[in-house]
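Listed below, chain by chain, are the residues.
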Amino acid sequence: MNLEVGKIYTLKLNSGEELVAKILKAEFGTLQVSHPLSMAMSQQGIQMVPSLFSADLKKVDINTASIAMSTPARDDVVKAYTEATTGLDLSTAKTMLTG
């Protein structure tokens, strides 16, 4: 598994759960991620919810044997993930005016 540190990936676990997380460290057998969010269906559509409710999500280790698939997350997913984990509002475009 060749994942780039610092990038946001979509991970499909062997259990069927889909996670979105930022890669902190990739070592043999273990993947350390930050703020893993699970994808869940709701009446409003797909939502991102914390993968763990009773833990600090800054650094979470995942056994790489538990990962069935991985791919860089789509741009819209990266934007939603960044907004959910940082509180930044990326919906408004910033324009620089020059005279």
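The present account deals with the structure reproduced in this document. (Residues numbered from 1 in each chain as written. Predicted model: local features only at pLDDT ≥ 70, side-chain atom pairs only at ≥ 80, totals over all residues. Heavy atoms only, no water.)

### Some details on the side chain of Q32
Note the following rule: Helix and strand definitions follow DSSP, with helices as H or I runs of at least four residues and strands as E runs of at least two, each counted in order from the N terminus. Here's how the labels work: a residue is buried when its accessible area is under 20% of the maximum for its type, exposed when over 50%, partly exposed in between, all with a 1.4 Å probe on protein chains only. Two residues qualify as a contact provided that any one of their heavy atoms is within 4.5 Å of a heavy atom in the partner residue.
Residue position: Q32 is located in strand 3 (residues 30-42). Judged by its relative accessible area of 15%, Q32 is buried. In this structure Q32 touches K22, I23, L24, K25, K59, V60 and D61, once residues within four positions along its chain are discounted.

### Here we look at the pattern of salt bridges
Side-chain pairs of opposite charge can arise where the charged atoms are in close proximity. For clarity, the threshold we go by: Whenever a carboxyl oxygen of Asp or Glu lies within 4 Å of a side-chain nitrogen of Lys or Arg, that contact is scored as a salt bridge.
By the definition in use, this model includes three salt bridges. Between K7 and E4 there is a salt bridge; the shortest N-O distance is 3.7 Å. For K7, a relative accessible area of 40% gives the class partly exposed. Judged by its relative accessible area of 46%, E4 is partly exposed. Between K25 and E27 there is a salt bridge, with the nearest N and O atoms lying 4.0 Å from each other. By relative accessible area, which is 38% here, K25 ends up partly exposed. Its relative accessible area of 47% is what places E27 among the partly exposed residues.

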